[in-house]
Amino acid sequence: MSGPLIVLVGPMGVGKSTVGELLAERLGTTYRDTDADVVATAGKAISEIFIDEGEERFRDLERQAVQDSLARHTGVLSLGGGAVLDEGTRTLLAGLPVVYLSMDVDEAVRRVGLNTARPLLAVNPRRQWRELMDARRHLYEEVARTTVATDDRTPEEVARAILDALELPEHTDQTVPSGRESTPMTEQGTTRIRIAGTAGTDPYEVLVGRRLLGELPQLIGDRAKRVAVLHPEALAETGEAVREDLAAQGYEAIAIQLPNAEEAKTVEVAAYCWKALGQTGFTRTDVIVGVGGGATTDVAGFVAASWLRGVRWIAVPTTVLAMVDAAVGGKTGINTAEGKNLVGAFHPPAGVLCDLAALDSLPVNDYVSGMAEIIKAGFISDPVILDLVEDDPQGARTPAGPHTAELIERSIRVKAEVVSSDLKESGLREILNYGHTLAHAIEKNERYKWRHGAAVSIGMVFAAELGRLAGRLDDATADRHRAVLESVGLPLTYRGDQWPKLLENMKVDKKSRGDLLRFIVLDGIGKPTVLEGPDPAVLLAAYGEVSA
């Protein structure tokens, strides 16, 4: 038989890849995806092709990929969502076993989530989905031999329906491939990490996966009438999309735009948010949603903690740093001229949605910055993290790396275990500040213009050297800090002439007690401890090891 055994068509997010791989396994054949072929040919993500070269160039690449696949591939083939727009492609599909996978608009928005890497659904997913489907539905139906609805079906059920419709025999008797769970398609690949409630706070979950936007209404609940979506200027379109989606769900939703990054963490910005909440009539049953990086979730949580002495809030982190650190644990705060996070509150969220799709378009320097907190989690608790980074340093620098989800999940679990035992940093939670004493001093010295992860990287190297000089840490582990951090592109040194200023900055660190400086150091990997009042000469010597 020439040509593909099955050709899957349908909109983005419908599950063509998941179902296609299942079909190939059951039929004992191979699977191919023309979107993957386009990415391989161009050497860049589809979203980057749209940005750099335009949609027309992408369609040219797609057309060629489809032609090649239809001519050579004999297994299961899936086409990109817009491939059927090309008349030549539709002609080539005539007479082939084409299956149209369909889903309704609400299901589509849940699955697509916050994926800014999908260029045609970047602003208002719900409205734009309808517009896309109005333009394409008749084309899918034109080329398809059969249509299979995916709503409320697991991938296994969809695959079974396709095999039945095309009357194709399975290669094996296996119903569910080993290692797969029969879960709804909207839940595929979603990990739920529970944070226990302490000190009178309620437990909550951190969800890690893709297509998580549909979880928001459930977390917000029925008691809330109003929702405020706080977002940075850089995510204006995303923030407005979330607001519009919540408004479509029946909430009185407003969007409050914050400055980008650390510039948002001021009392003036917090006051601006309080004013907006007051003018909207925000009550104790209403909910704040923070969409953005660590600075945004810090501000959103602080505003939620301080408004009416505490309202519920939900974190939707969009950076690595926010996912593994800022959005988990309930520490909220703003900066002052005297230091970072000196004004704040412990106010855990009602839930955290870590949609990994939001990382697909994150600038590489911001992505790498977040790796510092992941590597920190490896040194203080989970050495498997270090092994994964060392196994593929270049892969660790990108969301397309093989271990991205596992690295983020492991880091969140480390923090979850700590904060579940110590919400208010009375003991164990201090270990999460490994490398942060010097890091915060550097950030203040740079007037918060530095990326947090860059400062934490230098801070960890300093802490490792301090531990070595204090006789607590072996040479190999101290050296491993440098090797792992440098392998992903994080800095190891800072200006040597700044030590007097940094020392003064560290004296107002939250971990200090009176004039006694306190540092988290390691007795070994996974063995953090507190070093109090180290000799000034030892401090200076340790800083000498990170001085440029």
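On a predicted model such as this, the values are computed, not experimentally measured, just so you know.

Q: If you had to explain the overall build of the protein to someone new, which residues and values would you point to?
A: In terms of helices and strands, the protein carries 22 helices and 16 strands. Contacts in the protein between residues at least 24 apart in sequence constitute 74% of all its contacts with a sequence separation of at least 6. Per element, the accessible surface of the protein, about 22100 Å² overall, is 48% carbon and sulfur.

Q: Describe the nonpolar core, and please don't skip the residues or the numbers.
A: For soluble globular proteins, the rule of thumb is that nonpolar side chains tend to be buried together. Counting 95 residues, the largest nonpolar core has Val206, Ile288, Ile375 and Phe462 as the members making the most contacts within it. Apart from the residues lying within four places of it in its own chain, the contact partners of Ile375 are Ile385, Leu386, Val389, Val484, Leu485, Val488 and Leu490. If you look at the next biggest cluster of nonpolar residues, it comprises 20 residues, including Val19, Val99, Ala159 and Ile162.

Q: Describe the packing of aromatic side chains, listing the residues and the values that go with them.
A: All chains considered together, the criterion is met by seven aromatic pairs. Taken together, a centroid distance of 5.2 Å and an interplanar angle of 40° make the contact between Phe50 and Phe58 tilted. Phe58 gets classed as buried once you look at its relative accessible area, which sits at 4%. Summarising the aromatic geometry, the rings of Trp274 and Phe302 are spaced 6.3 Å apart at their centres and angled 50° between planes, so their arrangement reads as tilted. With Trp274 in helix α11 (residues 267–280) and Phe302 in helix α12 (residues 294–306), the pair connects residues that are 28 residues apart, well separated along the chain. Assessed through its relative accessible area of 25%, Trp274 is described here as partly exposed.

Q: Describe unusual backbone geometry, and please don't skip the residues or the numbers.
A: The residue Ala261 is not glycine, and still its phi comes out positive at about 55°. Backbone geometry at Tyr448 places phi at a positive 60°, although glycine is not the residue there. Accessibility expressed as a relative area gives 17% for Tyr448, which makes it buried.

Q: Talk me through the side chain of Ser411; I want residue IDs and the actual numbers.
A: With respect to the secondary-structure elements, Ser411 resides in helix α17 (residues 404–421). A relative accessible area of 3% places Ser411 in the buried class. Side-chain polar atoms of Ser411 contact the backbone oxygen of Leu407, separated by 2.8 Å. Ignoring any residue separated from it by four or fewer positions in sequence, one finds Ser411 in contact with Val324, Ile374, Ala377 and Ile385.

Q: Residue-level account of the environment of Val7, with values.
A: With respect to the element layout, Val7 can be found in strand β1 (residues 6–9). With a relative accessible area of 0%, Val7 lands in the buried category. Put simply, Val7 and Arg145 are 138 residues apart on the chain and 9.9 Å apart in space, counted from C-alpha to C-alpha. For Val7, the residues in contact, after removing those within four places along its chain, are Leu70, Leu77, Leu79, Leu93, Pro97, Val98 and Val99.

The rules behind these values
In this convention, every chain numbers its residues from 1, walking through the sequence in written order. Totals for whole chains, interfaces and linings use all residues, but because this is a predicted model, local features are given only for residues with pLDDT of at least 70 and pairs of side-chain atoms are given and counted only at 80 or more. Computation of side-chain values covers all heavy atoms of the structure but excludes hydrogens and water. Strands are runs of DSSP state E lasting at least 2 residues, helices are runs of H or I lasting at least 4, and numbering of each runs from the N terminus. Contact definition: two residues touch when any of their heavy atoms are within 4.5 Å. Per-residue and other accessible areas were derived by the Shrake-Rupley procedure at a 1.4 Å probe size, with only the shown protein chains allowed to occlude residues. Here, the term nonpolar core denotes a set of buried Ala, Val, Leu, Ile, Met, Phe, Trp, Tyr and Cys residues that are joined through side-chain atoms within 4.5 Å. Exposure classes here rest on a 1.4 Å probe applied to the protein chains alone. A residue is buried below 20% of its type maximum, exposed above 50%, and partly exposed in between. Between 30 and 60 degrees the pair is tilted, below 30 it is stacked and above 60 it is edge-to-face, where a pair is any two Phe, Tyr or Trp rings, Trp via its six-membered ring, whose centres lie within 6.5 Å. Any N or O atom pair separated by 3.5 Å or less is treated as a polar contact, with the protein-specific requirement of one donor-capable and one acceptor-capable atom, and with residues adjacent in sequence counted only for side-chain atom pairs.

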